[in-house]
Amino acid sequence: MKFLAILLTGILTNNYILAKFLGICPFLGVSKKLNTAAGMSAAVIFVMVLATAVTYPINVLLVKNDMAYLQTIVFILIIAALVQLVEIILKKYLVSLYNALGIYLPLITTNCAVLGVVLLNIDEGYNFVQSIVSSLGAGLGFMVAMVMFAGVRERLEGCNIPKSLEGLPITLISASLVSMSFLGFTGLVEGMFG
Amino acid sequence: MAEKKSIVKEFTKGIVKENPVLRLVLGTCPTLAVTTSMESAIGMGLAASAVLVCSNIVISAMRKIIPQKVRIPAYIVIIAGFVSIVQMLVKAFLPQIDEMLGVYLPLIVVNCIILGRAEAYAGKNPVLLSAVDGLGMGIGFTCALLLMSGIRELLGAGTLYGFQVLPETIPPMTIFILAPGGFFVFGILIALANALAERSGKSKAQLKGCSACPMAATCSLTGSENACKEEEK
């Protein structure tokens, strides 16, 4: 049950984009079309889970050797290297997957959601499986927010928007409304599993 | 004389004309996340500015040594180094700020303002100018954070920098310090900045997809089947 609670927390109550403001750049930048939004979030889920799986043992090693202060610098390098590696491997062996996700991979290196989920898992003191589940939840939450917002933005295209709000401002204000709807989930997970 | 003039120009451009948050729309994640109170906004602003100035100086000093092909990883390592230093200093001397900023403090590493300045400016310009550019951008970032946190704290909690400003009989609108308020206030501020810029004949702030992204130059997306270009259409 604990795993389900972690998963639901990541998707609904503590949504990485809408409640924690991590990964806003792709949220605003790559959400104009439904298929790009879905592709980007699939790549994010993939990298998040992979990065967590790799950084968890390395963090254990760092903590054992009293070098926890190196976390930030080590993790960002691991993520950057990992993304490169995944890109190379996909390109060589899984061409169809590469064609679907590959183009989004370079964008993910400096995505704060990936580094954020790795650091937050450590802050929360999750064990290995819990960390993986939490990353999966964070990734799925990212996808839910991206896909929902892509839908909202497709609707916005044809709307008559006040001139001063055109472009970015109206996008942010609609993001505010989407985020407000997610506030409705507050306390849901505690209520279900508390 | 010419040199001096340009130093002043480099310094002031980051504060108003090319404000990283309101004009270039960079660093949106920390902008939305830490502006719930003025205190955390100042903490984040100063921490990010310190990292920005230091990394700009080092990157600009090393710009001729770093090979072109691996410059982005090299920049990231330099930035991460300074972030770790700032993180340790804040933890040691300002534990309260550390608690407030939480995970957003180490996340300064992926703040696109810093990598963006390294790529767009420090990697091409001399040390002094880069330092001044970093300082100006840092102050611009801090000012934008302060403005936004001021609005959110005043409306959402009725206080400014922790002091009660609105009379307690007026109930605060808590929504403003919650997540939706962040998006809303940011949207309105961008709209205002756009209106002011338009009045003086400048272009609107826009999320330019790839061109604002510091990874643009190395990104494989710049090919023909470019998702970003698709987005721009």
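Conventions and cut-offs
- Residues numbered from 1 in each chain as written.
- Chains lettered and ligands numbered in written order.
- Predicted model: local features only at pLDDT ≥ 70, side-chain atom pairs only at ≥ 80, totals over all residues.
- pLDDT = per-residue confidence, 0-100.
- Helix = DSSP H or I, 4+ residues; strand = E, 2+ residues; numbered from the N terminus.
- Axes fitted to C-alpha atoms, helices over the stretch in contact; angles between N-to-C directions.
- Left-handed = near helix turned anticlockwise from the far one by under 90°.
- Contact = placed C-beta atoms within 7 Å.
- Nonpolar A, V, L, I, M, F, W, Y, C, P; charged D, E, K, R; others polar.
- Buried ≥ 20, exposed ≤ 12 C-beta atoms within 10 Å, placed from the backbone.
- Parallel < 35°, antiparallel > 145°, perpendicular 65-115°, else oblique.

1. Description of the confidence of the model for chain A
Here is step 1: Residues of chain A with pLDDT of at least 70 account for 98%, and the chain-wide mean is 87.
Here is step 2: Confidence, read as mean pLDDT per element, is least for helix H6 (residues 105–108) of chain A in chain A (75) and greatest for helix H8 (residues 128–157) of chain A (92).

2. Description of the packing of helix H3 (residues 38–61) of chain B against helix H6 (residues 112–122) of chain B
Residue and element names in this part refer to chain B.
Here is step 1: Interhelical geometry of H3 versus H6 gives an angle of 30° and a closest axis separation of 10 Å. By crossing handedness, the relation of H3 to H6 is classed as right-handed. Facing H3, whose interface residues are Val51, Leu52, Ser55, Asn56, Ile59 and Ser60, H6 presents Ile113, Ile114, Arg117, Ala118 and Ala122.
Here is step 2: For the contact of H3 with H6, the per-class residue count stands at seven nonpolar, three polar and one charged.

3. What to know about unusual backbone geometry
Here is step 1: The phi dihedral of Phe21 of chain A falls on the positive side, at around 55°, and the residue is not glycine.
Here is step 2: Summarising the element assignment, Phe21 of chain A is placed in the loop between helix H1 (2–13) and helix H2 (24–29).
Here is step 3: With 26 C-beta atoms counted inside 10 Å, the residue Phe21 of chain A sits in the buried group.
Here is step 4: Even without being glycine, Val25 of chain B reaches a positive phi, approximately 50°.
Here is step 5: C-beta crowding within 10 Å serves as the criterion here: with 25 such atoms nearby, Val25 of chain B is assigned to the buried category.

4. Thoughts on the interface of chain B and chain A
Here is step 1: Taken together, the contact pairs 47 residues of chain B with 41 residues of chain A.
Here is step 2: Contributions of two or more residues to the side of chain B that touches chain A are made by helix H2 (28–33), helix H4 (71–93), H6, helix H8 (179–199) and helix H9 (227–232) of chain B.
Here is step 3: Of the residues assigned to the side of chain B that touches chain A, the class counts are 34 nonpolar, 10 polar and three charged.

5. Section: the packing of H8 of chain A against helix H9 (residues 168–183) of chain A
All names here are of chain A.
Here is step 1: Between H8 and H9, the least distance of the axes is 11 Å, while the angle of their chain directions is 135°. It follows from the interaxial angle that H8 and H9 lie oblique. Once H8 is placed against H9, the crossing between them reads as right-handed. Contacts between H8 and H9 involve Met148, Phe149, Val152, Arg153 and Leu156 from the former and Ile170, Thr171, Ser174, Ala175 and Val178 from the latter.
Here is step 2: For the contact of H8 with H9, the per-class residue count stands at seven nonpolar, two polar and one charged.

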